[in-house]
Amino acid sequence: PSLSIGFKPSKNFEKVNHKVPMLSLSNAFDKTDLENFQKKITNFLNFKEENNFFDYSTEPKIDGISASLLYKNGKFIKGLSRGDGKIGEDITKNLSTIDDIPKLIKNKNFPKEIDIRGEVFIKKKDFKILGDKFANPRNAASGSLRQKNPEETKKIPLKFIAYTYGYSEKMNIKTQTDFLKNLKDWGFKTNKFNKKVSGIDNLLKNHRFLEEKRNEIDFDIDGVVYKIDNFELQKRLGFVANAPRWAIAHKIS
Ligand code: IVH
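Residues numbered from 1 in each chain as written. Predicted model: local features only at pLDDT ≥ 70, side-chain atom pairs only at ≥ 80, totals over all residues. Heavy atoms only, no water.

Asker: Can you lay out the nonpolar core for me, pointing to particular residues and giving the numbers?
Answerer: Ranked by size, the top nonpolar core spans 33 residues in total, and within it Y71, L95, I116, F160, F179, W186 and F188 carry the most contacts. Excluding its chain neighbours within four sequence positions, the residues that come into contact with F179 are I114, I116, Y163, T164, Y165, M171, I173, W186 and F231. (Core = buried A, V, L, I, M, F, W, Y, C linked by side-chain atoms within 4.5 Å. Buried < 20%, exposed > 50% of the residue type's maximum accessible area, 1.4 Å probe, protein only. Contact = heavy atoms within 4.5 Å.)

Asker: Residue-level account of the pattern of salt bridges, with values.
Answerer: As enumerated under the stated definition, the model contains twelve salt bridges in all. Salt-bridge contacts for E59 lead to K227; the nearest nitrogen and oxygen are separated by 2.8 Å. Note that E59 is positioned in strand β3 (residues 55-62) and K227 in strand β10 (residues 221-228), a separation of 168 residues in sequence. Each member of the pair E59 and K227 is classed as buried. For D100, the salt bridge identified is with K189, shortest N-O distance 2.8 Å. On the criterion of sequence distance, the pair formed by D100 in the loop between α2 (92-96) and β7 (113-122) and K189 in the loop between α6 (176-185) and β9 (195-198) is long-range, its members being 89 residues apart. (Salt bridge = Lys/Arg side-chain N within 4 Å of Asp/Glu carboxyl O. Helix = DSSP H or I, 4+ residues; strand = E, 2+ residues; numbered from the N terminus.)

Asker: So what's going on with the packing of helix α1 (residues 31-44) against helix α7 (residues 200-213)? Which residues, and what values?
Answerer: Running from N to C, α1 and α7 cross one another at 135°; their axes reach a closest spacing of 10 Å. Judged by the angle between their axes, α1 and α7 are oblique. Note that α1 runs across α7; the crossing there is right-handed. Facing K31, L34, E35 and Q38 of α1, the residues of α7 in contact are I200, D201, L203 and L204. Among the residues forming the contact of α1 with α7, the class breakdown is four nonpolar, one polar and three charged. (Axes fitted to C-alpha atoms, helices over the stretch in contact; angles between N-to-C directions. Parallel < 35°, antiparallel > 145°, perpendicular 65-115°, else oblique. Left-handed = near helix turned anticlockwise from the far one by under 90°. Nonpolar A, V, L, I, M, F, W, Y, C, P; charged D, E, K, R; others polar.)

Asker: Can you tell me about the sheet that holds β7, naming the residues and giving the values?
Answerer: Sheet strands pair via backbone hydrogen bonds, and the direction of the pair is either parallel or antiparallel. Sheet architecture is open: four strands sit in the order β5-β4-β7-β8, paired in antiparallel fashion. The sheet is open, and its two edges are formed by β5 (75-81) and β8 (158-168), each paired on a single side. Strand-to-strand twist in this sheet, taken as the mean axis angle between neighbours without regard to direction, amounts to 30°. Helix α4 (residues 137-145) rests against β4 (65-72), β7 and β8 of the sheet, and its axis sits at about 125° to β7. (Pairing = 2+ DSSP bridges.)

Asker: Describe the site of the ligand, and please don't skip the residues or the numbers.
Answerer: Around the ligand, a shell composed of 15 residues is seen, among which E59, K61, E119, Y163 and K227 lie nearest. Between E59 and the ligand, the recorded distance is 2.8 Å, taken from a side-chain N or O atom to a nitrogen atom. Contact with the protein chains removes 87% of the 510 Å² of surface that the ligand exposes when unbound. Broken down by element, the residue count for the shell around the ligand peaks at four residues, all from β3. Taken together, the residues of the shell around the ligand sort by class into eight nonpolar, two polar and five charged. (Near = heavy atom within 4 Å. Polar contact = N/O pair within 3.5 Å; in protein donor to acceptor, adjacent residues only side chain to side chain. Areas by Shrake-Rupley, 256 points an atom, 1.4 Å probe, with all protein chains shown as cover.)

Asker: Requested: an account of the side chain of D126, with residues and values cited.
Answerer: Here D126 lies in helix α3 (residues 124-129). Among buried Asp, Glu, Lys and Arg side chains, D126 stands out as unpaired, with K125 the closest opposite charge at 4.9 Å. Setting aside its immediate chain neighbours within four residues, D126 contacts P157 and K159. (Lys, Arg positive; Asp, Glu negative; His and termini not counted.)

Asker: Any details on the sheet that holds strand β2 (residues 27-28)? Residues and values, ideally.
Answerer: Reading across the sheet, the five strands line up as β2-β13-β10-β3-β9 and stay open at both edges, with mixed pairing between neighbours. In this open sheet, the two strands that pair with only one neighbour each are β2 and β9. Sheet analysis places β3 next to β9, joined by four bridges and oriented antiparallel. Within β9, the residue paired with T58 across the bridge is K195. α7 rests against β3, β9, β10 and β13 (247-251) of the sheet, and its axis sits at about 155° to β10.

As structure tokens, then:
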């Protein structure tokens, strides 16, 4: 079970507090779950049901290992594993071996201090080359990130896709869609199947599309994440237990 919440801190790595916790997502399995999700949001915001046409940022949920990358003045300073969500492990040296992780960002609008978060994973075709050392791509990514010796990590072609942030100094970005666009400008890889969608029927259409595309996508996905696009609304909605009220993972089985 610990696999689904990241990995337990080991003595090989220093433990570090996340400035902002790394949360989980609640799950949805069908149309009813999505309707209930949207209804709850509508009620919480005191909106009227008939004009609750929220924009969602929809993002394939990559089945990898999440990481939090701290940047100060554009420099990649420290990289943490999720750990238990509150305390992660300092895996900076291993993360530094990943080409997709920019080490220096010079864009003027890149916040002075920010934790960029995303998923470390291995492509299906690269996993095949590795032979039978690991049970699946996710284990390969996890095992490789946990190597004591970064030279061992380097041998495995890990990838990184960015999708959110933790702590950040003031950012003048108003929506998740716009944030994802900025991530790209700053030199991060983002998912090419990310899409702004509104209305439950369109969410379902997009889900079916990705379900069908699944075998063509070169990495494992286990769902589609829906996030209320507007950051102001996200802020108003806040969190329940350890998951945001403004997001849900629609599973693909
Ligand atoms: S957002 C506060 N976006 O899903 C929101 N997570 O169950 C939490 N994941 O540990 C993260 N793709 O490893 C977010 N586009 C995406 C994601 C994503 C995969 C994973 C992530 C997280 C888990 C949450």
